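# A structural walkthrough
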Amino acid sequence: MDNSNNVFQVDFDAVEKEVHFYEKQQAEILNIEPAVQEHWVDKNPNAFHTSQRDTTTVLFGGLTLMQDVFIQAACTGIGYKFQALECPDNEAMQVGKEFGNRGQCNPTYFTVGNLVKYLIYLRDVKGLSTKEIIASYIFTTAGACGPCRFGLYVTEYRKALRDAGFEGFRVLLFQSAGGVQQGGKDLGLDFNPKFFKAMFKAIIVGDVINLLGYRMRPYEKTEGEVNRVLESCKQLIVEKLEKNKNVMPALRDVKKKLSLVELDRFKVKPKVSVIGEFWAMTTEGDGNYHLQKFLEQEGAEVDIQPVTNWTLYMIWAQQYDSRQQLKLDLPWMEKLKLRKKLVLLKLADVVMQSWFNRYAKAAGLNDYHLADMELLAEDSHAYYANELRGGEGHMEVGKLIQSVKYQKSHLVVSVKPFGCMPSSGVSDGVQSLVTGQYPDANFLAIETSGDGAVNVYSRLQMALFKARKKAQLDMDNVLKKVGVSSEDIMESTQAEKNLSIYPQHRCALTAANAVYQLFDK
Ligand code: SF4
């Protein structure tokens, strides 16, 4: 399969051929017989054919609750039977620990355990035989060639599935830095432009709706109102995705519905950026002790990281590597290929961003800027090499620096899963250097082991105490600067308090930005 035109895929056959050619060449030079060796191969059963599509349910999961629902709907819309697994809970982690290897990182236990837990449910509660489960279900997930444990996920799934009695269960792996591993040419899951379009549409719309929710919930006048309205917005979008229709009209309806929710943007709420390991900061359940919900209950506004940023980072990483390769002394054909790849990557980057901006505008997500990958790399470069991959790479470092430099939040919480290799090096090591250089940073790394909730909550409460003080200081400063009093604010009309959807960013505190917008004409 020639994947040279696809920026997301690696031509594994070509790589293999090149390695064998080099091996043969060296053997000739050294005058030795090439050794015939039988290497161990994990024979991951992953054959899934088009004829099985109608009778096979593709299980998946691992993003936010909203995105999992949208992906399920979008894939249904293009003819697949996709089913999102529930958000992994502590029981899933226990199952993961029971059947997984020792010494894995926490997200492995949660995600692997979540699949095994569901299959056990199908067998023991729904009464399906193991044979039926293996024949009519498959699982698809992301993977990578490393350098952290992410590269071993598929093997871990295999081990846990085998030990739990599901030998032969198929796991299809997306390679985050490569293509897709799937047996044969007759592909049951056809990763064509139509599929990627549906997938990215669901992810981006999910990001937009999530961001709207996190920006509005802390300021709602009636508790639970935003979630109630978001639930009906979710249904509007699901209906469109399930029919593979344009979601723009639904997003415009979302804007109308949300604009009717009564808010009070003048509430002083410390802003907390949640960063860290991708899965641990994205999940909304036991995997991070329901972190986002806890922070909101404690009176904070949560600044989440959209999944689109992760996609942009993957594009950036390929761009960076290609530019580095171009500096090598390569044949002109190779250089031409790399240049072509760079053009396609640029195109992918522009398409992702414009797609996001279009949806954001339609749904009323104003003044939101996706992370500038070049700027993130530049800001973090002095502390963390841009060549280092695994986990969030340099992004985590860059986000902390930018939070202080551009007054983005009053507290940065980094979620560090127990046993995570990249996160330990960054949160415990590099970020100490960063906070030394940026003393204004209010930074807290929390470790998620699944059983340390009380400890994590109390540490968060302590960090929030400082964040609240910073937020109040922002408010006092803006009131002084603009020359308005708290009474002026109290006398504002409801329309003024609503301030369309979100006041334009001038400092970390939303209430202060609202004051600027209303009184600093
Ligand atoms: S980044 Fe950390 S938690 Fe995530 S897969 Fe790698 S080692 Fe595990």
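Located above this text is the structure these notes cover.
Notes on the structure in this doc start here. Here the structure is a predicted model, which means the values were calculated and not measured.

Each value, and the rule that gives it
Residues numbered from 1 in each chain as written. Predicted model: local features only at pLDDT ≥ 70, side-chain atom pairs only at ≥ 80, totals over all residues. Heavy atoms only, no water. Near = heavy atom within 4 Å. Nonpolar A, V, L, I, M, F, W, Y, C, P; charged D, E, K, R; others polar. Helix = DSSP H or I, 4+ residues; strand = E, 2+ residues; numbered from the N terminus. Expected span 1.5 Å × (residues − 1). Buried < 20%, exposed > 50% of the residue type's maximum accessible area, 1.4 Å probe, protein only. Core = buried A, V, L, I, M, F, W, Y, C linked by side-chain atoms within 4.5 Å. Contact = heavy atoms within 4.5 Å. Pairing = 2+ DSSP bridges. Axes fitted to C-alpha atoms, helices over the stretch in contact; angles between N-to-C directions. Phe/Tyr/Trp six-rings, centres within 6.5 Å; stacked < 30°, edge-to-face > 60°. Salt bridge = Lys/Arg side-chain N within 4 Å of Asp/Glu carboxyl O.

## Points about the site of the ligand
- By nearness alone, every residue bordering the ligand is listed as Cys 105, Pro 107, Cys 148, Arg 149, Phe 150, Tyr 153, Glu 277, Gly 391, Pro 417, Cys 420, Met 421 and Pro 422.
- Here the residues of the shell around the ligand sort into 9 nonpolar, 1 polar and 2 charged.

## Focus on helix H12 (residues 307-326)
- Here H12 spans 29 Å end to end across 20 residues, near enough to the 28 Å set by a 1.5 Å rise per residue.
- With respect to burial, H12 is a largely interior element, 15 of its 20 residues being buried.

## A look at unusual backbone geometry
- Positive phi, normally seen in glycine, also occurs at Asn 31, with a value near 55°.
- By the element assignment, Asn 31 lies in the loop between helix H1 (12-30) and strand E1 (57-60).
- Despite not being glycine, Asp 367 shows a phi value in the positive range, around 50°.
- Its place among the elements puts Asp 367 in the loop between helix H13 (332-363) and helix H14 (373-380).
- Taking relative accessible area as the criterion, Asp 367 reaches 23% and is therefore assigned partly exposed.

## Considerations on the nonpolar core
- With 101 residues, the main nonpolar core has Phe 195, Ile 237 and Leu 251 as its most contacted residues.
- No other element matches helix H7 (residues 193-216), which puts 15 residues into this core.
- If we skip the residues at most four places from it in the chain, Ile 237 touches Phe 70, Val 205, Ile 209, Val 247, Ala 250, Leu 251 and Val 254.
- Core analysis: the second largest hydrophobic core is formed by 25 residues, Leu 59, Leu 115, Tyr 157 and Leu 161 among them.

## Some points on the sheet that holds strand E6 (residues 271-276)
- Across the sheet, 4 strands lie side by side as E7-E6-E8-E9; this open sheet has parallel pairing. Edge positions in the sheet fall to strand E7 (301-303) and strand E9 (443-448), since each has one partner strand and no second. Averaged over neighbouring strand pairs, the angle between their axes works out to 30° when direction is ignored.
- Relative to the sheet, helix H16 (residues 421-437) contacts E6, strand E8 (411-417) and E9, its axis offset from that of E8 by approximately 155°.

## Examining the packing of aromatic side chains
- Scanning the model with the defined rule gives 18 aromatic pairs in all.
- Considering the side-chain rings of Phe 110 and Trp 279, the 5.5 Å spacing of their centres and the 35° angle between planes classify their relative orientation as tilted. Separated by 169 residues along the polypeptide, Phe 110 in helix H4 (residues 106-124) and Trp 279 in helix H10 (residues 278-282) bring together distant segments of the chain.
- Centre to centre, the rings of Phe 356 and Tyr 368 are 5.9 Å apart; their planes meet at 45°, and the pair counts as tilted.

## Some words on the pattern of salt bridges
- Following the criterion strictly, the structure yields 16 salt bridges and no others.
- As a salt-bridge pair, Asp 253 and Lys 256 come within 3.7 Å of each other at their nearest N and O atoms. Remark: Lys 256 and Asp 253 occur in helix H9 (residues 248-259); sequence separation between them is 3 residues, near one turn of the helix.
- What makes Lys 256 exposed here is its relative accessible area of 56%.

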